[in-house]
Amino acid sequence: MAYLLTVITKRIEGLNEFLTIASFYFFIIFCAYFAAKFLHRYFFMKANMKYVSYQPITAKERKKIKKQGVEIK
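Residues numbered from 1 in each chain as written. Predicted model: local features only at pLDDT ≥ 70, side-chain atom pairs only at ≥ 80, totals over all residues. Heavy atoms only, no water.

## Describing the packing of aromatic side chains
Note on aromatic pairs: each is described by the distance of the centres and the angle between the planes. Across all of its chains, the model carries six aromatic pairs by this definition. On the numbers, 6.2 Å between centres and 25° between planes, the contact of phenylalanine 26 with phenylalanine 30 is stacked. Highlighted residues: phenylalanine 26 and phenylalanine 30, both in helix H2 (residues 15-47), separated by four residues, approximately one helical turn. For phenylalanine 30, a relative accessible area of 41% translates into the label partly exposed. Arranged with centres 4.9 Å apart and planes meeting at 65°, the rings of phenylalanine 30 and phenylalanine 34 form a pair that is edge-to-face. Placement of the pair is phenylalanine 30 and phenylalanine 34 together in helix H2, with a separation of four residues, close to one helical turn. (Phe/Tyr/Trp six-rings, centres within 6.5 Å; stacked < 30°, edge-to-face > 60°. Helix = DSSP H or I, 4+ residues; strand = E, 2+ residues; numbered from the N terminus. Buried < 20%, exposed > 50% of the residue type's maximum accessible area, 1.4 Å probe, protein only.)

Read these as spatial facts, not as claims about activity.
So this is what it looks like as structure tokens:
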């Protein structure tokens, strides 16, 4: 696919540079989004340790919680 894209953009003036810049900015925004998402989770968990549980939920507890309508991810 990259080869076909290169062949098509060779004929059009400036399109190759535009696609390079656009893909670069897309990658930067993509990385910034995921960095913010996971850093937020890390700092939230660090600040609110009382909400973090280290013990996995047993099968009986999971069934009981599902009957109440709570979804565990």
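Following the structure, the description resumes.
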